[in-house]
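Listed below, chain by chain, are the residues.
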Amino acid sequence: MPTLCLPRPRGQTGNVAIYSLHLRSVGRTTHAPRTAGAHLRYITRPEARADLLAGRMPTERNAARRWLDREERRDRQNARVIDKITAALPRELDPLQRRGLVTAFAERVTQGRAAWFAAIHQSGRDAHNPHAHIVIRDRDPETGKRVALLSEKGACRNIRLLWELAVNAALEAQGSAQRVTRLSHAARGIEALPQRHRGPQRQEERREGETDGPGVSAPASTVGLAFEIASGKRPRRPHHFILCGIVRLFSLNELQLKLR
């Protein structure tokens, strides 16, 4: 899976926002017991100096791990325990703005119902490589049903598109001219080699089907989620978009995307 950044505009110096997102899962049949809890312990290790956020589960690292271990024990034998997302955060945003972006994204992915936990690494060794580890426990606490649907067909494409839209909305809200795209240089007709995000993930850990190309329609439900992330409202009518050349999914000004 390519991890990309946009070409630097003429005359601009310094680093620009990059796009990098990895989605994986931990299951009871695919991983050893308490792997989900071990992952949470790793992303909250003291030396990482992580900024911790959570929704509908404990924020304190030890309490969060105990909670997750208890939830796993209640799962059926072939259950999907967690989904985990690692995403690069824009350097153009300050720490508080990054917290807002991660919180809004996690709340919309979980529909404000499922539990989630995030560790933002943006200080110390990661000051020049800000990124977020997001753990999603996809269970509605009342019904036990999934709401994020990250195991469904096309979920990886949808979540990558949703993150792209959310990041761009946040950048625009802060007055930054930078934009990110999940599309490869080849898909956008750019001959230059893409830059690679040297984040915490190993290059060999790749997920099939995460690269989109021209002619892919943006799922209406995903576009709706992105709209909600930025404005807290729902579109009045469905929108259909075709991606071609350099991506322009829609006019952010037209939809008045302002990250709350």
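Data block above holds the structure.
Rules used in this analysis
- Residues numbered from 1 in each chain as written.
- Predicted model: local features only at pLDDT ≥ 70, side-chain atom pairs only at ≥ 80, totals over all residues.
- Heavy atoms only, no water.
- Helix = DSSP H or I, 4+ residues; strand = E, 2+ residues; numbered from the N terminus.
- Buried < 20%, exposed > 50% of the residue type's maximum accessible area, 1.4 Å probe, protein only.
- Contact = heavy atoms within 4.5 Å.
- Pairing = 2+ DSSP bridges.
- Axes fitted to C-alpha atoms, helices over the stretch in contact; angles between N-to-C directions.
- Salt bridge = Lys/Arg side-chain N within 4 Å of Asp/Glu carboxyl O.
- Patch = residues over 30% accessible without salt bridge, like charges linked within 9 Å, V, L, I, M, F, W, Y side chains within 5 Å.
- Areas by Shrake-Rupley, 256 points an atom, 1.4 Å probe, with all protein chains shown as cover.
- Lys, Arg positive; Asp, Glu negative; His and termini not counted.
- Charge placed at Lys NZ, Arg CZ, Asp CG, Glu CD.
- Expected span 1.5 Å × (residues − 1).
- Polar contact = N/O pair within 3.5 Å; in protein donor to acceptor, adjacent residues only side chain to side chain.
- Core = buried A, V, L, I, M, F, W, Y, C linked by side-chain atoms within 4.5 Å.

A. Local environment of the overall build of the protein. Along the protein, the regular secondary structure elements total 6 helices and 7 strands. Start at the N end of the protein and walk to the C end: the helices and strands fall as β-β-β-α-β-α-β-α-β-β-α-α-α. The proportion of buried residues among the 260 residues of the protein is 51%. Across the protein, the fraction of contacts at a sequence separation of at least 24, relative to all contacts at a separation of at least 6, is 74%.

B. Examining the sheet that holds strand β5 (residues 80-88) more closely. Judged by pairing direction, the sheet is antiparallel, and its 5 strands sit side by side in the order β3-β5-β7-β6-β4 without closing on themselves. Two strands in the sheet have a free side with no partner beyond their single neighbour: β3 (21-27) and β4 (51-55). This sheet shows a mean twist of 15 degrees between the axes of neighbouring strands, independent of strand direction. By the bridge criterion, 7 bridges tie strand β6 (residues 115-121) to strand β7 (residues 131-137) in an arrangement that is antiparallel. From the neighbouring strand, Ile120 faces β7, where its bridge partner is Ala132. Packing of helix α3 (residues 95-109) onto the sheet brings it into contact with β4, β5, β6 and β7, and relative to β6 it is tilted by some 155 degrees. Sheet strands in contact with helix α4 (residues 155-173) are β3 and β5, and its direction is about 135 degrees off that of β3.

C. Region of interest: the pattern of salt bridges. Counting across every chain of the model gives 9 salt bridges. Asp140 is paired through a salt bridge with Arg113; the nearest N and O atoms lie 2.8 Å apart. Taken as a pair, Asp140 in the loop between β7 and α4 and Arg113 in the loop between α3 and β6 lie far apart in primary sequence, 27 residues in all. We classify Asp140 as buried; its relative accessible area is 7%. Judged by its relative accessible area of 39%, Arg113 is partly exposed. Among the salt bridges present, the one from Arg182 reaches Glu164, with a minimum N-O distance of 2.9 Å. Remark: Glu164 occurs in helix α4 and Arg182 occurs in the loop between α4 and α5 (220-231); sequence separation between them is 18 residues. A relative accessible area of 2% means that Arg182 is categorised as buried. Linked through salt bridges whose partners overlap, the residues forming this network are Glu71, Arg74, Asp75, Arg137 and Arg139.

D. Seen up close, a positive patch on the surface. Residues Arg34, Arg66, Arg70 and Arg73 make up a contiguous surface patch of positive charge. For Arg66, the position within the fold is in helix α2 (residues 61-74). When its relative accessible area of 49% is taken as the criterion, Arg66 is described as partly exposed.

E. Focus on unusual backbone geometry. Not every positive phi belongs to a glycine, and Arg49 is a case in point at roughly 50 degrees. Within the element layout of this structure, Arg49 appears in the loop between α1 (35-43) and β4. Positive phi, normally seen in glycine, also occurs at Gln111, with a value near 60 degrees. Positionally, Gln111 belongs in the loop between α3 and β6. A relative accessible area of 36% places Gln111 in the partly exposed class.

F. Looking closely at α2. With 14 residues, α2 extends 20 Å between its outermost C-alpha atoms, agreeing within 8% with the 20 Å of an ideal straight helix rising 1.5 Å per residue. For α2, the capping residue at the N-terminal end is Glu60, with a side-chain oxygen 3.0 Å from the backbone nitrogen of Asn62.

G. Looking closely at the nonpolar core. In this structure, Ile85, Phe105, Ile159 and Trp163 are the most contacted members of the largest nonpolar core, which totals 31 residues. Put simply, the parts of the chain that give this core at least two residues each are β3, β5, α3, β6, β7 and α4. The leading source of residues in this core is α4, at 8 residues. Residues Val26, Leu68, Ala115 and Val135 belong to the second largest nonpolar core, which totals 14 residues.

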